[in-house]
Amino acid sequence: MAKKIVVLPGDGIGPEVIKGAVSVLEECASIYSLDLEFEEFKVGGAAIDEYGQPLPEKVVESCLDADAVMLGAVGDPKHDNNPTHLRPEKALMGLRKAMGVFANLRPILTFDELLDASPVKRELVEGVNILIVRELTGGIYFGEPRGFAESEEGRSGYNTEVYFDYEIERIARVAFASAGLRSGKVSSVDKSNVLESSQIWRSVVEEVHKEYESVELEHVLIDNCAMQLLARPKDFDVLLTNNMFGDILSDEASMLSGSIGMLSTASLGEEKDSGRPGIYEPAHGSAPDIAGQDMANPLATIGSAALLFRYSLQRDDIALNIESAIRQVLRDGFRTRDIAAPGEKVISCSEMSEKVLERIGSPTAR
Ligand code: IPM
Ligand code: MG
């Protein structure tokens, strides 16, 4: 039976990086004889321009009915002053919530060829392998009440950081189960010295930990974690975070691998009979400053296509094939602007995608 993939290129460099990822999905479908069906929609700023709203209902319906969603990026400065419900980012928030993809996996890998692209010393980053498990459908991003107010004190803007025990429980389980398949350590990030929402976070994580005795658990305060991530990145295995801390720490951690252009993500919901909902996207934004110039790095998005095969289509073999093609491209010396050393030859976004495509092996040839 055909597998349906919804493709949402979005804004800025989104369409450029998505192109590479879709051609990789198509190439894999052809060499592994898979029946993949693609449906493409505008979201974010592109959808505001065309339909007057960032996430039309028909897009949500199609995503809910898909086997996986592949997304580029959303965000367009021309909509920066819109009210919250008419901002491009609302498309991402709305889709994550509608699909219930509460578990955002952000693997931070280092590539031998890119060690010098990292602003952090080579000896500190060499061998780093961290999985950030970020809660994605709760916390301050979604908490109510939120809004603007006016009082005698002046104008104000407010948001609510709230976590329910069931939200912490399910994301903690993802973190412990993932750690069990890796080096066996979870570092749970919070700000429990100040915030009640973090105190309940810490206590629920400890409860869930009892089910995973073989996994080691440490609690790290967010400010300290931001520092340790640069000072001793190799000591981390799985980083368990709430929505906002994970957003911040993942951009920081991407610098360990050299560029945010290398950071792939998978956002997963609860496993159901109909499969596991998943959104696959790069962690970077729409980068309006370089949009339309064919100079973005498509590797994070192509890496997300690998994650799509791994988690939504249960084809680890195909994921490994794509990941090995990415490593091969780097080994062969191809670089986009963000990962090039001074003086190194730079290739375009479309050329980089082409180079990966050429290196995807047929199943028998590998
Ligand atoms: C991310 C992005 C999004 C987020 C933005 C674009 C809404 O920064 O996926 O990390 O904050 O989650
Ligand atoms: Mg972010």
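Thresholds, definitions, all that
Residues numbered from 1 in each chain as written. Chains lettered and ligands numbered in written order. Predicted model: local features only at pLDDT ≥ 70, side-chain atom pairs only at ≥ 80, totals over all residues. Heavy atoms only, no water. Helix = DSSP H or I, 4+ residues; strand = E, 2+ residues; numbered from the N terminus. Buried < 20%, exposed > 50% of the residue type's maximum accessible area, 1.4 Å probe, protein only. Contact = heavy atoms within 4.5 Å. Salt bridge = Lys/Arg side-chain N within 4 Å of Asp/Glu carboxyl O. Phe/Tyr/Trp six-rings, centres within 6.5 Å; stacked < 30°, edge-to-face > 60°. Lys NZ or Arg CZ within 6 Å of the ring centre and 35° of its normal. Pairing = 2+ DSSP bridges. Near = heavy atom within 4 Å. Polar contact = N/O pair within 3.5 Å; in protein donor to acceptor, adjacent residues only side chain to side chain. Areas by Shrake-Rupley, 256 points an atom, 1.4 Å probe, with all protein chains shown as cover. Nonpolar A, V, L, I, M, F, W, Y, C, P; charged D, E, K, R; others polar. Axes fitted to C-alpha atoms, helices over the stretch in contact; angles between N-to-C directions. Parallel < 35°, antiparallel > 145°, perpendicular 65-115°, else oblique. Left-handed = near helix turned anticlockwise from the far one by under 90°.

Let's shift gears to the environment of Ile108. With respect to the element layout, Ile108 can be found in strand 4 (residues 103–109). Ile108 sits in the buried class, given a relative accessible area of 0%. If we ignore the near neighbours within four places in the chain, the residues touching Ile108 are Val128, Asn129, Ile130, Ile132, Ser250, Ala253, Ser254, Leu256, Ser257 and Leu263.

With that out of the way, let us pick up the pattern of salt bridges. The final tally for this structure, using the stated rule, is 22 salt bridges. With a closest N to O distance of 3.3 Å, Lys191 and Asp223 form a salt bridge. You can see Lys191 sitting in the loop between strand 8 (185–190) and helix 7 (196–209) and its partner Asp223 sitting in helix 8 (residues 222–231), a full 32 residues away along the chain. Owing to a relative accessible area of 46%, Asp223 belongs among the partly exposed residues under this scheme.

For the structure on display, the rule yields three aromatic pairs. A ring pair is formed by Tyr163 and Trp201, whose centres lie 5.3 Å apart and whose planes are at 65°; its orientation type is edge-to-face. Of this pair, Tyr163 sits in the loop between strand 7 (154–158) and helix 6 (165–180) while Trp201 is found in helix 7, placing the two residues 38 residues apart along the sequence. Note on Tyr163: relative accessible area 6%, which makes it buried. Between Phe164 and Tyr166 the ring centres are 6.3 Å apart and the planes differ by 25°, which places this aromatic pair in the stacked class. A relative accessible area of 47% means that Phe164 is categorised as partly exposed. We classify Tyr166 as partly exposed; its relative accessible area is 46%. Above the face of the Tyr141 ring, Arg134 is positioned so that its terminal group lies 5.4 Å from the ring centre. Over the ring of Phe236 we find Arg232; its NZ or CZ atom is 4.9 Å from the centre of that ring.

The next point concerns the pairing of strand 11 (residues 264–268). The element strand 11 is largely enclosed, with a buried count of five among its five residues. Side-chain alternation along strand 11 places Ser264, Ala266 and Leu268 on one buried face and Thr265 and Ser267 on a second face that is also buried. Inspection of the sheet shows strand 11 paired to strand 12 (residues 278–282) by five bridges, in the antiparallel sense. Its bridge partner being in strand 12, Ser264 is matched across the sheet by Pro282.

To continue, consider the site of ligand 1. Lining the immediate environment of ligand 1, one finds Glu89, Leu92, Met93, Arg96, Arg106, Arg134, Tyr141 and Asp247. The side chain of Arg96 places a nitrogen or oxygen atom 2.7 Å from an oxygen atom of ligand 1. The side chain of Asp247 places a nitrogen or oxygen atom 2.9 Å from an oxygen atom of ligand 1. Relative to its unbound accessible area of 320 Å², ligand 1 is 80% covered by the protein chains. If you tally residues by element for the shell around ligand 1, the top one is helix 4 (residues 89–99), at four residues. Residue composition of the shell around ligand 1, by class: three nonpolar, no polar and five charged.

Attention now goes to the side chain of Lys4. The residue Lys4 is located in strand 1 (residues 3–10) in this model. A polar side-chain atom of Lys4 sits 3.5 Å from a polar atom in the side chain of Glu39. A distance of 3.1 Å separates polar atoms of two side chains, one belonging to Lys4 and the other to Ser62.

Right, let's get into the packing of helix 6 against helix 7. Axis separation between helix 6 and helix 7 bottoms out at 9 Å; the angle between their running directions is 50°. Accordingly, the angle class assigned to the pair helix 6 and helix 7 is oblique. Crossing handedness for the pair helix 6 and helix 7: right-handed. For the pair helix 6 and helix 7, the contacting residues are Asp165, Ile168, Glu169, Ile171, Ala172, Arg173 and Phe176 in the first and Ile200, Trp201, Val204, Val205, Val208 and His209 in the second. Among the residues forming the contact of helix 6 with helix 7, the class breakdown is nine nonpolar, one polar and three charged.

Note that every value here comes from positions in space, so none of it alone points to a role or purpose.
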